[in-house]
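# A structural walkthrough
Each chain, letter by letter, is given below.
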Amino acid sequence: MDNFQIFKNQLENTITMDSDQFSKNLNNQLNAEKLGYQNSSNETIFKGSNFIDDSFKSDLNKIWIDNGLDFDAKPTSLFYKGINGEMIEVKDHQAIINNKNNNLLNIPKMQYTTLQLSTIKNLIENIRGNTTIESIMNIDDKRFVFNLAVDNATQDVKQDDPHKLRLVIVSSHDSSVSCHISFIHFRMFCFNQMNKLKQSNPLVFKHTKSINDNVKNINRIIDFNKGQFTQSIEDYKLMIKKEINENQVKEVLEKLYFDKWNNKKVCIDRTLKTEREKNYMDLVEVKQIKENLLKEFETNGRNAYSLHNGINYYYSHQMGASNIKDESEKARIRMEQNYYGKNSAIIDRSKELCLSL
């Protein structure tokens, strides 16, 4: 994206904010720029996100308190009111509450075991020598995303185009997502999510014991993924050398969205009920990606690297339902879809297709 587009995106994201949220987002943006990111992102826009200056590896306890993470998810008995107004205890479900403010976090079955945030803190403490906290995203005290930069894992794909490897920890108190660790490759200029590094054994933790048992292996896994990141960088260097034509753009987009258009119809006249075969150009995402590609090709050349960036810029910054007006909410949805939803697979598939050209 060119500088005007970056400025335009940032301006659009501030129009509907109140003064407190504007101030917080501005502070997030400034801290992100200190770390080398040159664009706004879901992390700088989402109201529950805090960018952190952790360059001196500050006291983790203070970071925890400052970000409202110093609470326990406490199992509590659950009751309902009987027909005579008496309180009857529920036997097969429990309530999980925030022990600081008593807010309800979840109503799971009795066998559900909560993974406490203190366990995540212990994990981060054990990898402080290899990572630096960049941002923490708190979604209503129910879901949490910890974005950590892997130290000494920033490399240029081309001159003045640095990429960074991040270790992302996701956890929840509302049973919406299992606690897991991902290694994600980001481009710093536009803050695009480029791809997830593939894990032979996904790091998914069901409970506190499982994460504690694996703490000793995490630093070794980080070192392994730094090597994987170097290979990912080489992939993008190769993609820069792959000049592409319009037919190849069409080929990638048709394959990427095949299930969305193949064997489907488009209504062309509601009164006459006439239809035609749907094609990839009918898709909303393709129309926006085509606009992105005009700028990407002009800036970075007509190559496979530009094509991939035009695609993942849409998912990193633009995707959002038209009926959702709140930019913070759009940013949250994009982040969750990109990290552990369906968009993660689309971004990774885009890289595979562009690399194969």
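To keep things clear, this report deals only with the structure shown in the data block. Once a new chain begins, its residue numbering starts again from 1 and follows that chain's sequence as written. Thresholds applied to this predicted model are a pLDDT of at least 70 for local features of residues and 80 or more for the giving and counting of side-chain atom pairs; totals over whole chains, interfaces and linings are not thresholded and use all residues. Derived side-chain values reflect all non-hydrogen atoms in the structure, with water molecules and hydrogen atoms excluded from consideration.

### Looking at helix 7 (residues 246–256)
The condition that has to hold: The classification of residues rests on relative accessible area computed with a 1.4 Å probe and restricted to protein chains. Under 20% of the type maximum is buried, over 50% is exposed, and intermediate values are partly exposed. We count a stretch as a helix when DSSP gives it H or I for four or more residues in a row; a strand needs E for two or more, and each element gets its number in order from the N terminus. The directions from the helix axis to the C-beta atoms are what the arc is built from. In the analysis that follows, any N or O atom pair within 3.5 Å is treated as a polar contact, provided that within protein one partner can donate a hydrogen and the other can accept it, and provided that, for residues neighboring in sequence, both atoms belong to side chains.
Every buried residue of helix 7 is accounted for by Val249, Val252, Leu253 and Leu256. One side of helix 7 holds all its buried residues, which, seen down the axis, span an arc of 90°. Measuring from the side-chain oxygen of the N-cap residue of helix 7 to the backbone nitrogen of Asn247 gives 3.1 Å; that N-cap residue is Asn245.

### So, the packing of aromatic side chains
For clarity, the threshold we go by: Any pair of Phe, Tyr and Trp rings, taking the six-membered ring for Trp, is counted once the centres come within 6.5 Å. Such a pair is stacked with planes under 30 degrees apart, edge-to-face with planes over 60 apart, and tilted for the rest.
In this structure the tally under the stated criterion is nine aromatic pairs. Site record: aromatic cluster; members linked through ring pairs are Tyr37, Phe51, Phe186 and Phe191.

### Overview of the environment of Lys158
Applied cut-off: Whether two residues are in contact is decided by their heavy atoms: any pair within 4.5 Å suffices.
Following the sequence through the fold, Lys158 ends up in strand 8 (residues 143–158). Residues Lys158 and Lys273 lie 115 residues apart in sequence; the distance between their C-alpha atoms is 52 Å. Dropping the residues within four chain positions of it, Lys158 is found in contact with Ile240, Asn300 and Tyr305. In terms of polar contacts, Lys158 uses its side chain to reach the side chain of Asn300, at 3.2 Å.

### Structural notes on the nonpolar core
Under the convention used in this document: We define a nonpolar core as any set of buried Ala, Val, Leu, Ile, Met, Phe, Trp, Tyr and Cys residues linked to one another through side-chain atoms lying within 4.5 Å.
In this structure, Phe146, Phe183 and Tyr257 are the most contacted members of the largest nonpolar core, which totals 66 residues. Residue contributions to this core peak at nine residues, all from helix 6 (residues 208–240). For Tyr257, the contacting residues outside a window of four places in its chain are Leu283, Glu285, Val286, Ile289, Ile311, Tyr315 and Ile346. Counting residues in each nonpolar core, the second largest holds 18 residues, with Ile45, Val168, Val170 and Met188 among its members.

These figures capture arrangement, not role.
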